[in-house]
There are 2 protein chains.
Amino acid sequence: MQNIIATTAPVHPLLLQRWSPKAFQESPVPAATLSSLFEAARLAPSCHNEQPWHFIVATKDTPLYQQLLQCFNEDNQAWAFTAPVLMVAVAKMYFDHNGAPNPFAWHDVGLAVANLTVQAVSEGLQVCEAAGIDLEHIYEIFDIPEGYQPVTGIALGYAGDADGLPAPLQAKHHRTRTRKPVNSFVHYGQPAFKMELNEQQQQVYNLVREKISFGDLRPAFAFAQQRLKR
Amino acid sequence: MQNIIATTAPVHPLLLQRWSPKAFQESPVPAATLSSLFEAARLAPSCHNEQPWHFIVATKDTPLYQQLLQCFNEDNQAWAFTAPVLMVAVAKMYFDHNGAPNPFAWHDVGLAVANLTVQAVSEGLQVCEAAGIDLEHIYEIFDIPEGYQPVTGIALGYAGDADGLPAPLQAKHHRTRTRKPVNSFVHYGQPAFKMELNEQQQQVYNLVREKISFGDLRPAFAFAQQRLKR
C-alpha cells in the first residue's frame, strides 16, 4: 500500500487506501464489478431524492472509449488512456417535481461519485477524477441540452505502474499527498471566513465569475483558459 | 437493520447501511469519533487539491448548537433538534492558486461529506443532510463573505426512535426508500438527455435560473420559496 496520508485519528481503511493514480494496469474491470459500483452510486442521498447523477461510461474494448478519452483535456488524456474504464459524470440541473433549478446537483453528484469510489476501493480498484475535461467537445458529441451539465471525468481501474508515462506524470503518480489539517476547516465556533486574494487574483475572480452562468460553464471555462494561460 | 434498498449487485455494507434518519438517540458522539469523521472528510480528493470544504460544527452541550439549529429551515428544525451534533458545510468558491472561481467546490464538498458519512456509518452513526437551510440567517450569523457559500445542513448521531415526532416526520423516518434503476443513469453509449418540463415548470426554471448567481444562492432561494409556495 502506497501513498497513505497521515491522520490524527483512525479512519476506515476504504477511505485511507483511496488515492488518485495517474497510471492503471491493463486488466479490465469485470462487468459485475462495474454493476456494484453503479449500485453504490445509486444509494447516495440527494436533495428531494432527485438522484441528479448520470454516468456516460466506456470500457476499453468499445468504440465509445476513444470518444470518452477525447472528453478529457490533453493533459489528462496523457494518463487517462491507461485506464480500462472512462466515464463522464453529468448533473441534471433541475428538479423533476417542479422544474426549478437544482443548485444541489453538483453536491449530490459528488456524493454519488464518492460512493462509487468507496465501492471501487473495496473491489481493489482506484478512481482518478479529472476536472480538466473538454466541455465544448462533451456538449457536442453527447448533445448535452439545457438542464444538464458535465461535471467531471472519471478514470477507473487497478492502480498501475507509471514507468511508461512522461516524467511529470510519473512525478504526479508518486507525489507525496498533502492535506490541510482538520482544524483549518472544522470550526467549533465562529469561522471567520475571509477571501484572501491579491489584486491580480481578485481581478481574475471578478472577470471569470461574470462569465459563470448556472447550467453552462462553457463561457467561464473558455474565458478562464484564455486568461489564465497568459 | 432497517431501510435497506434492494440492489441488483452486491454493495459494501457501509454504503448499504447508510440512510437518512429523521430521529436520533440522545447519546452524544464522542469527540474522538468526531475527529475520525473529519479526518475522513479531509482525505477526499478535490480539484487542484483545493479542499474547498468547511464545517461549522456544534455538539448539543454548547451554545453554538442552538445557533446551528436556527440555520435549518423550520421543517428541518422539527427533527434536526434530536441530533447530538449539527453542522453546516460551507464551500470555498475560489482557487487559492490563481483566485479563479471554483465551480467544482460543491462537487468536492459532496465528496468530503460522503467520506464523513462512510466513516460515520463505520462508527455506528448516521447522517441526515438537509438542503433546506436558512441562507439569510447563515450569512448573517456566520458573516459569510463573498467567495464562500453555505451548501448543506448536516445532522449526525445514532439513529433513534421517531415516536416523539409529529406524524409526518415519523412517516418520513420510516418511509420505504426508493431509487431509480441503474440503467436510468448509466449510459454505455449516447445518453439522449432531454429536459422534460411542462409549460409551467419551464416557466419556473427560467425565472429561478435568472436569479441564480455564482457564489450566492440567496436571491434564487428567496425567489423560489416565494414563487413555489404560491
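Please read all numbers here as calculations on a predicted model, not as lab measurements.

Basis of the calculations
- Residues numbered from 1 in each chain as written.
- Chains lettered and ligands numbered in written order.
- Predicted model: local features only at pLDDT ≥ 70, side-chain atom pairs only at ≥ 80, totals over all residues.
- Heavy atoms only, no water.
- Contact = heavy atoms within 4.5 Å.
- Buried area = accessible area lost by both parts, 1.4 Å probe.
- Salt bridge = Lys/Arg side-chain N within 4 Å of Asp/Glu carboxyl O.
- Polar contact = N/O pair within 3.5 Å; in protein donor to acceptor, adjacent residues only side chain to side chain.
- Helix = DSSP H or I, 4+ residues; strand = E, 2+ residues; numbered from the N terminus.
- Nonpolar A, V, L, I, M, F, W, Y, C, P; charged D, E, K, R; others polar.
- Domains from an automatic or database assignment.
- 1 Å grid on protein atoms, 1.4 Å probe; cavity = no way out; pocket = protein on both sides within 12 Å on 5 of 7 lines; lining within 4 Å.
- Points joined across faces, edges and corners; volume = space filled by probe spheres on them.
- Buried < 20%, exposed > 50% of the residue type's maximum accessible area, 1.4 Å probe, protein only.
- Axes fitted to C-alpha atoms, helices over the stretch in contact; angles between N-to-C directions.
- Parallel < 35°, antiparallel > 145°, perpendicular 65-115°, else oblique.
- Left-handed = near helix turned anticlockwise from the far one by under 90°.
- Expected span 1.5 Å × (residues − 1).
- Core = buried A, V, L, I, M, F, W, Y, C linked by side-chain atoms within 4.5 Å.
- Disulfide = S-S within 2.5 Å.
- Least-squares fit on C-alpha atoms with pLDDT ≥ 70 in both.

Caption draft 1: The arrangement of the interface of chain A and chain B in detail. On the chain B side, the residues contacting the 97 residues of chain A number 98 residues. At the boundary of chain A with chain B, total buried surface from both sides reaches about 8700 Å², with 62% on carbon and sulfur atoms. Of all residues in chain A, Leu43(A), Phe185(A) and Phe193(A) give up the largest surface area on contact with chain B, accounting jointly for 9% of the area buried on that side. The partner of Glu146(B) in a salt bridge is Arg209(A), with the nearest N and O atoms 2.4 Å apart. Here chain A is connected to chain B by 56 residue pairs in polar contact (both at pLDDT 80 or more). Counting residues per element, the side of chain A that touches chain B draws most heavily on helix α5 (residues 105-122) of chain A, at 11 residues. Among the residues forming the side of chain A that touches chain B, the class breakdown is 57 nonpolar, 26 polar and 14 charged.

Caption draft 2: Local environment of the domain arrangement of chain A. Residues and elements named next belong to chain A. Annotation of chain A at the domain level lists domain 1 (13-178) and domain 2 (199-229). The interface is formed by 10 residues belonging to domain 1 together with six residues belonging to domain 2. Surface buried jointly by domain 1 and domain 2 totals about 780 Å² across both partners, of which 65% is contributed by carbon and sulfur atoms. Looking only at domain 1, the three residues that lose the most surface to domain 2 are Leu-135, Tyr-139 and Gln-149, adding up to 49% of its buried area. On inspection of domain 1 and its partner domain 2, the count reaches one residue pair in polar contact (both at pLDDT 80 or more). Within the residue set of the side of domain 1 that touches domain 2, elements represented by two or more residues are α6 (135-142) and β4 (148-157). Among the elements that line the side of domain 1 that touches domain 2, the one with the most residues is α6, at three residues.

Caption draft 3: Region of interest: empty space enclosed by the protein. For the structure on display, the rule yields three cavities of 30 Å³ or more. Roughly 280 Å³ of volume is contained in the largest cavity. In this structure, the largest cavity is lined by 22 residues; those nearest its centre are Met93(A), Pro103(A), Trp106(A), Phe214(A) and Phe214(B). By residue class, the composition of the lining of the largest cavity is 14 nonpolar, eight polar and no charged.

Caption draft 4: Quick peek at the environment of Leu217(B). Residues and elements named next belong to chain B. Topologically, Leu-217 is positioned in the loop between α8 (199-211) and α9 (218-229). For Leu-217, a relative accessible area of 6% puts it in the buried group. For the pair Leu-217 and Val-151, spaced 66 residues apart in the sequence, the C-alpha separation amounts to 9.5 Å.

Caption draft 5: Region of interest: the packing of α5(A) against helix α5 (residues 105-122) of chain B. Put simply, α5(A) and α5(B) touch, their axes get as near as 7 Å, and they point 45° apart. Classified by the angle between their axes, α5(A) and α5(B) sit oblique to one another. At the point where α5(A) passes α5(B), the crossing takes the right-handed sense. Between α5(A), through Trp106(A), His107(A), Val109(A), Gly110(A), Leu111(A), Val113(A), Ala114(A) and Val118(A), and α5(B), the contact on the second element is made entirely by Trp106(B), His107(B), Val109(B), Gly110(B), Leu111(B), Val113(B), Ala114(B) and Val118(B). Taken together, the residues of the contact of α5(A) with α5(B) break down into 12 nonpolar, four polar and no charged.

Caption draft 6: Seen up close, α8(B). Taking 1.5 Å of rise per residue, the 13 residues of α8(B) would be expected to cover 18 Å, and the 19 Å separating its terminal C-alpha atoms lies within 8% of that figure. Sitting at the amino-terminal end of α8(B) is Asn198(B), which places a side-chain oxygen 3.2 Å from the backbone nitrogen of Gln200(B).

Caption draft 7: Structural detail: the nonpolar core. The biggest cluster of nonpolar side chains holds 162 residues, and the ones touching the most others in it are Phe55(A), Leu156(A), Phe55(B) and Leu156(B). Beyond its immediate chain neighbours, meaning those up to four positions away, Leu156(A) contacts Phe24(A), Val29(A), Leu34(A), Leu37(A), Ala83(A), Pro84(A), Val85(A), Met87(A), Ala120(A), Leu125(A), Gln126(A) and Val127(A).

Caption draft 8: Structural context of the state of the cysteines. Counting across every chain of the model gives zero disulfides over all chains. Note on Cys71(B): no disulfide assigned, nearest cysteine sulfur contributed by Cys128(B) at a separation of 16 Å. Residue class for Cys71(B) comes out buried when judged on its relative accessible area of 0%. With no disulfide of its own, Cys128(B) lies closest to Cys47(A) among cysteine sulfurs, the gap being 11 Å. Note on Cys128(B): relative accessible area 1%, which makes it buried.

Caption draft 9: Structural view of the side chain of Arg177(A). Structurally, the position occupied by Arg177(A) is in the loop between α7 (167-174) and β5 (186-187). Setting aside residues up to four positions removed in sequence, Arg177(A) forms contacts with Asn3(A), Ile4(A), Ile5(A), Arg18(A), Trp19(A) and Leu43(B).

Caption draft 10: Spotlight on the relation of the copies chain A and chain B. Under the fitted operation, chain A is carried onto chain B by 0.0 Å of movement along the axis and a turn of 180°, and the coordinates agree to an RMSD of 0.0 Å. Seen this way, the second copy is the image of the first under a two-fold rotation axis. Looking at the interface residues of chain A, 100% of them are also at the interface in chain B, so both copies use one shared face.

Caption draft 11: Expanded view of the pattern of salt bridges. All names here are of chain A. The full count for this structure, using the stated rule, is 14 salt bridges over all chains. Of the charged contacts in the structure, one is a salt bridge between Glu-50 and Lys-92, with a shortest N-O distance of 2.5 Å. In this pair, Glu-50 is assigned in the loop between α2 (31-42) and β1 (53-59) and Lys-92 in strand β2 (residues 85-92), connecting sequence segments 42 residues apart. Judged on exposure class, the residue Glu-50 and its partner Lys-92 are both buried.

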